[in-house]
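One letter stands for each residue in the lines below.
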Amino acid sequence: MIATVYAVFADAAEAQRIAETVVAERLAACANILAPCRSTYRWQGKVERAEEVPALFKTSRPNALIARIAALHSYDVPAVVAWPIGVAHAPYAEWITAESSPEDPAA
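The present account deals with the structure reproduced in this document. (Residues numbered from 1 in each chain as written. Predicted model: local features only at pLDDT ≥ 70, side-chain atom pairs only at ≥ 80, totals over all residues. Heavy atoms only, no water.)

1. Quick notes on unusual backbone geometry
Note: most residues except glycine have negative phi, and most peptide bonds are trans. What counts is decided by this rule: Labels follow the DSSP assignment, with helices taken as runs of H or I lasting at least four residues and strands as runs of E lasting at least two, numbered in each case from the N terminus. In this scheme, a residue with accessible area under 20% of its type's maximum is buried, one over 50% is exposed, and one in between is partly exposed, where area comes from a 1.4 Å probe on protein chains only.
Phi is positive for R26, close to 65°, though the residue is something other than glycine. Unlike most non-glycine residues, Q44 shows phi in positive territory, near 50°. Within the secondary structure layout, Q44 lies in the loop between strand 3 (37-43) and strand 4 (46-59). Residue class for Q44 comes out exposed when judged on its relative accessible area of 69%.

Have a look at this one:
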C-alpha cells in the first residue's frame, strides 16, 4: 500500500529539516513542502491562530513515517495523518514503494 502523509509544521525550516531526514531514512520517497497557510484551531481551551507550513509525503510505510515525524516535530500534538492512495500511475507507485522501503528488507 502507498499513502500520502499530510503534516503541518511551525515554519519552513522545520518542514525542510524533517523532510530531508525522513527521505534520507527511506521512510518517504519524497516530500512536497507547500506555501504557508493560516490555521485556526482550539488548543487548551482557547481559539488560536497561527501561520504554519503544510507538507505532503509519499510513502509505502505510513505508520513508521507518522511515528518518525511525530518524534522529530516541535509540537506537543502534531497534525500528522495518512490517506491511502487508491489509484496511481503504476510506475509512480512502484517508485514510491522502492524509495520508501528499507535498503535491508529485514529492517
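There's plenty left to go through after this.
2. A word on the layout of surface pockets
So the rule is basically this: Using a 1 Å grid laid over the protein atoms alone, points where a 1.4 Å probe fits but cannot get out form a cavity; open sets with protein on both sides within 12 Å along at least 5 of 7 lines form a pocket; any residue with an atom within 4 Å of a point counts as lining. Grid points are joined across faces, edges and corners, and a volume is the space filled by probe spheres set on the points.
A volume near 260 Å³ is recorded for the largest pocket. Along the walls of the largest pocket sit V8, S39, T40, Y41, R42, W43, A50, E52, Y75, D76, V77 and A79, which together make up its complete lining. Sorting the residues of the lining of the largest pocket by element identifies strand 3 and strand 4 as the ones contributing at least two each. The element that contributes the greatest number of residues to the lining of the largest pocket is strand 3, accounting for five residues.

3. Remarks on the pairing of strand 4
Definition in use: Between any two strands, pairing holds if DSSP finds at least two bridges.
For strand 1 (residues 3-9) and strand 4, the ladder comprises seven bridges, and the chain directions are antiparallel. The partner of V5 across the bridge, within strand 4, is F57. In terms of strand pairing, strand 2 (residues 30-33) meets strand 4 through four bridges, oriented antiparallel. Across the sheet, the residue bridging to A31 is F57, located in strand 4. Across seven bridges, the pairing between strand 3 and strand 4 is antiparallel. Paired with W43 across the strands is K46, a residue of strand 4.

4. Describing the packing of helix 1 (residues 12-24) against helix 2 (residues 62-72)
Packed helices, taken two at a time, are described by their axes: the angle between them and the distance between them. What counts here: For helices, the fitted line uses only the C-alpha atoms of the stretch in contact; every axis is such a line through C-alpha atoms, and the angle between N-to-C directions lies from 0 to 180 degrees. Roughly parallel covers angles under 35 degrees, roughly antiparallel covers those over 145, roughly perpendicular covers 65 to 115, and oblique covers all other angles. Note on convention: the crossing is left-handed when the near helix lies turned anticlockwise from the far helix by less than a right angle, right-handed when the turn is clockwise. Pairs of residues are marked as contacts when any of their non-hydrogen atoms sit within 4.5 Å. When residues are grouped by polarity, Ala, Val, Leu, Ile, Met, Phe, Trp, Tyr, Cys and Pro land in nonpolar, Asp, Glu, Lys and Arg in charged, and all others, Gly among them, in polar.
In contact at an axis separation of 11 Å, helix 1 and helix 2 are set at 140° when each is read in the N-to-C sense. By the angle between their directions, the pair helix 1 and helix 2 is classed as oblique. As helix 1 runs across helix 2, the sense of the crossing is right-handed. Mapping the contact onto sequence places E14, R17, I18, T21 and V22 in helix 1 and L65, R68, I69 and L72 in helix 2. Here the residues of the contact of helix 1 with helix 2 sort into five nonpolar, one polar and three charged.

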